[in-house]
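Structure assessment
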Amino acid sequence: MSLEKVKAYFSGTEFDGKIIEFDTSSATVELAAAALGCDGDMIAKTLSLLIDEKPIIIVMSGNSKIDNAKYRGVFKTKAKMIPFDAVERYIGHAPGGVCPFALDPSISVYLDVSLKKHDFVYPAAGSSNSAVKMTIAQLEKYSGFREWIDVGK
């Protein structure tokens, strides 16, 4: 189970035991914001994409969307989302619980600059009813991100 992988990933860190689990779904930005009682933009949504059939992750603020021209400028290709039914196979987390933690090291993680306007954000924690509250510095540290990018609108 993905949630258990994320809990093990955080074991012995400052987030050990701090994953928030909900009785309801937090699988979308709207549901997560409602469960947490925060603005949807504070949800650190994680998008699963393919570049040359290799998976990547982009974490961006909840109200942001991919700007196709900016994406093409950064990655030199059109944005291609991983099909819903293939996300878990490629990423290791099912849709609704995709997060930048406990990933295979071959998956590149990118953080979108849209996150920087917040002091802290709430990424998922491996399941469709979990989250963890992190500062941007903590997200950088624990996501193992490759680089900051600007692909949102």
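Please refer to the structure placed before this passage.
Here is a short report on the structure shown in this document. Remember, it's a predicted structure, so these values are computed and weren't measured experimentally.

As for the nonpolar core
Judged by nonpolar contacts, the single largest core of 31 residues is most densely connected at F101 and L115. Among the elements of the structure, α1 (2-10), β2 (43-51), β3 (54-61), α4 (87-91), β4 (108-112) and α5 (136-143) are those that each provide at least two residues to this core. When residues no more than four places from it in sequence are discounted, the contact partners of L115 are A44, V59, M60, S61, V121, I136, L139 and W148. Grouped together as the second largest cluster of nonpolar side chains are twelve residues, I51, F75, Y110 and V151 included.

Notes on α1
Those residues of α1 that sit buried are S2, L3, V6 and F10. Buried residues along α1 cover an arc of 100° about the axis, so they all sit on one side.

Some details on α5
Every buried residue of α5 is accounted for by I136, Q138, L139, Y142 and S143. Down the axis of α5, the smallest arc covering the buried residues is 155°, so these residues share one side. α5 presents A137 and K141 as exposed residues on the side facing more than 90 degrees away from its buried surface. On its buried side, α5 packs onto α1, β3, β4, β5 (120-123), β7 (134-135) and β8 (147-149). Positioned one or two residues after α5, G144 has a phi angle of 60°, which is positive.

Some points on the sheet that holds β4
As summarised here, the arrangement of the six strands in space is β7-β5-β2-β3-β4-β8, forming an open sheet in which the pairing is mixed. Lying at the two open borders of the sheet, with one neighbouring strand each, are β7 and β8. Sheet topology places β5 next to β7; two bridges connect them, and they run antiparallel. The residue of β7 that forms the bridge with V121 is M134.

Section: the pattern of salt bridges
All told, the structure shown has five salt bridges when counted by the stated rule. One salt bridge connects K80 with E53, and the closest N-O pair in it is separated by 2.9 Å. You can see K80 sitting in the loop between α3 (68-75) and α4 and its partner E53 sitting in the loop between β2 and β3, a full 27 residues away along the chain. Under the relative-accessibility criterion, E53 is labelled partly exposed at 46%. K70 is paired through a salt bridge with D150; the nearest N and O atoms lie 3.2 Å apart. Taken together, the residues span a long stretch of sequence, with K70 in helix α3 and D150 in the segment after β8 at a distance of 80 residues. Residue classification places K70 among the partly exposed positions, given a relative accessible area of 32%. For D150, a relative accessible area of 37% translates into the label partly exposed. Residues joined by salt bridges that share partners form a network here, namely E4, K7 and E21.

Let's talk about the pairing of β4
Among the five residues in β4, five count as buried, and that is most of the element. Along β4, one buried face is formed by S108, Y110 and D112 and the opposite face, lined by V109 and L111, is buried too. Two elements, β3 and β4, share four bridges in a ladder whose sense is parallel. Counterpart to I57 in the pairing with β4 is V109. With three bridges connecting them, β4 and β8 associate as parallel partners. Residue pairing in the sheet places Y110 in a bridge with E147 of β8.

Conventions we followed
Starting from 1, residues in each chain are numbered consecutively following that chain's sequence as written. Local features in this predicted model are restricted to residues of pLDDT 70 or higher, and side-chain atom pairs are both shown and tallied only at a pLDDT of 80 or more, whereas totals for entire chains, interfaces and linings draw on every residue. Only hydrogens and water are set aside when side-chain values are computed; all heavy atoms of the structure are taken into account. By convention a nonpolar core is built from buried Ala, Val, Leu, Ile, Met, Phe, Trp, Tyr and Cys residues, the set being connected through side-chain atoms within 4.5 Å. The rule is simple: take the accessible area with a 1.4 Å probe, protein chains only, and divide by the maximum for that residue type; under 20% is buried, over 50% is exposed, in between is partly exposed. A run of H or I in DSSP counts as a helix once it spans at least four residues, and a run of E counts as a strand once it spans at least two, with each numbered from the N terminus. In what follows, residue pairs with any heavy atoms lying within 4.5 Å of each other are defined as contacts. It is the directions from the helix axis to the C-beta atoms that the arc portrays. Strand pairing is assigned whenever DSSP identifies at least 2 bridges connecting the two strands. Only one rule defines a salt bridge in this text: a Lys or Arg side-chain nitrogen within 4 Å of an Asp or Glu carboxyl oxygen.

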